[in-house]
Amino acid sequence: ALDLETTGLSNENDEIIEVGAVRFRGEEVLDTFQSFVDPGKRLDPYVTRLTGITDEELKGAPRFSSVAAILAAFVGRSPLVGHNISFDIGFLERQGFSVTNRHCDTWDLAYVLLPGQSSYALDRLAEWAGYESHRHHRATEDALATKEVFVKLLERLAALDLSSVAEIERLARRSGWVLTDLLSSQETSA
């Protein structure tokens, strides 16, 4: 599971300030990775209030180019899981970090498996998954929350009857949806 904290929402104009990743198998956390990243500018006070990350903490932090190789080694060829993963991938790719790994978006998966949910925000889904110690807007904590949500959503998916999974997979395949690989593996394992 992967998460980034950034100076804003635009991968064209904003910078990464923290990278967090969690390697896991099922419920078990195998390893974690965290690094602050020097954005090359002072943080907006709003970003500091939102994340709790200060300019002082970023002083002396490496630029993303120095973190990229370590992150690439940590991730390897493993599939990536993220909440609104296209946001993170957009920032990574703008930094020259090529993402060729299969990936799954917990927002998309929750939207399909939890229809009628009042909110698909990570903090709400973490609550649904029973992950109580979630500290919002910190990269490693959000990656851990994403892992918890993903595992619970896979349990929900595995509980569906085969025809429902097959129909969701068919629709995903027709639309080129990024969940196609995940759904195809669920259909064959059911």
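1. Regarding the overall build of the protein
No. 1: When helices and strands are tallied, the protein shows nine helices and five strands.
No. 2: Moving toward the C terminus, one meets the helices and strands of the protein in the order β-β-β-α-α-α-β-α-β-α-α-α-α-α.
No. 3: What you see for the protein is a C-alpha radius of gyration of 17 Å, in line with the 16 Å of a compact globule of 190 residues.
No. 4: Overall size of the protein, expressed as C-alpha extent along the three principal axes, is 55 × 30 × 30 Å.
No. 5: If you take every contact in the protein between residues at least 6 apart in sequence, the share linking residues at least 24 apart comes to 57%.
No. 6: Of the accessible surface of the protein, which amounts to about 9800 Å², a share of 50% is contributed by carbon and sulfur atoms.

2. With respect to the nonpolar core
No. 1: Membership of the largest hydrophobic core comes to 25 residues, with the highest contact counts inside it found for F24, L109, V149, F150 and L153.
No. 2: Every element with two or more residues in this core is listed here: β2 (16–25), α5 (106–113), α6 (122–128) and α7 (139–158).
No. 3: Among the elements that make up this core, the one with the highest residue count is α7 (eight residues).
No. 4: Once residues within four sequence positions are removed from consideration, V149 is found in contact with T106, L122, L125, A126, W128 and A129.
No. 5: Of all hydrophobic cores here, the second largest spans 20 residues; its members include L2, V19, V37 and I85.

3. So, the pairing of strand β3 (residues 28–36)
No. 1: Pairing between β2 and β3: eight bridges, direction antiparallel. Considered in β3, the bridge of E18 is made with F36.

4. Re the packing of α5 against α7
No. 1: Packing of α5 against α7 leaves a shortest axis separation of 10 Å and a crossing angle of 35°. Here the hand of the crossing between α5 and α7 comes out left-handed. Taking contact as the criterion, the partners of T106, L109, A110 and L113 in α5 are, on α7, T146, V149, F150, L153, R156 and L157.
No. 2: When grouped by side-chain class, the residues that make up the contact of α5 with α7 number seven nonpolar, two polar and one charged.

5. Section: the layout of surface pockets
No. 1: Its boundaries defined by the atoms lining it, the second largest pocket holds a volume of some 520 Å³.
No. 2: Forming the walls of the second largest pocket are 22 residues, and the residues nearest its centre are E5, L9, L50, H137 and D142.
No. 3: Of all elements in the fold, only β1 (2–6), α1 (45–51), α4 (85–94) and α6 reach the threshold of two or more residues within the lining of the second largest pocket.

6. Structural notes on the pairing of β1
No. 1: A large share of β1 lies buried, amounting to five of its five residues.
No. 2: Side chains L2, L4 and T6 project from β1 onto one buried face, and the interleaved D3 and E5 project onto a second face that is buried too.
No. 3: Strand direction decides the pairing type here: β1 and β2, joined by five bridges, are antiparallel. Note that in β2 the partner of E5 across the bridge is E18.

7. Thoughts on the side chain of N101
No. 1: Positionally, N101 belongs in the loop between α4 and β5 (103–105).
No. 2: Take N101: its relative accessible area is 13%, and that puts it in the buried class.
No. 3: For N101, the side chain forms a polar contact with the main-chain oxygen of G76, separated by 3.0 Å.
No. 4: With sequence-adjacent residues up to four places away left out, N101 is seen in contact with V75, G76, R77, S78 and L80.

8. Observations regarding α5
No. 1: For α5, every residue scored as buried is listed here: T106, D108, L109, A110 and L113.
No. 2: The residue sitting at the N-terminus of α5 and contributing the capping side-chain oxygen is D105; that oxygen lies 2.8 Å from the backbone nitrogen of W107.

Here is what the cut-offs are and how they apply
- Residues numbered from 1 in each chain as written.
- Predicted model: local features only at pLDDT ≥ 70, side-chain atom pairs only at ≥ 80, totals over all residues.
- Heavy atoms only, no water.
- Helix = DSSP H or I, 4+ residues; strand = E, 2+ residues; numbered from the N terminus.
- Rg over C-alpha atoms; globule rule 2.2 N^0.38 Å.
- Contact = heavy atoms within 4.5 Å.
- Areas by Shrake-Rupley, 256 points an atom, 1.4 Å probe, with all protein chains shown as cover.
- Core = buried A, V, L, I, M, F, W, Y, C linked by side-chain atoms within 4.5 Å.
- Buried < 20%, exposed > 50% of the residue type's maximum accessible area, 1.4 Å probe, protein only.
- Pairing = 2+ DSSP bridges.
- Axes fitted to C-alpha atoms, helices over the stretch in contact; angles between N-to-C directions.
- Left-handed = near helix turned anticlockwise from the far one by under 90°.
- Nonpolar A, V, L, I, M, F, W, Y, C, P; charged D, E, K, R; others polar.
- 1 Å grid on protein atoms, 1.4 Å probe; cavity = no way out; pocket = protein on both sides within 12 Å on 5 of 7 lines; lining within 4 Å.
- Points joined across faces, edges and corners; volume = space filled by probe spheres on them.
- Polar contact = N/O pair within 3.5 Å; in protein donor to acceptor, adjacent residues only side chain to side chain.

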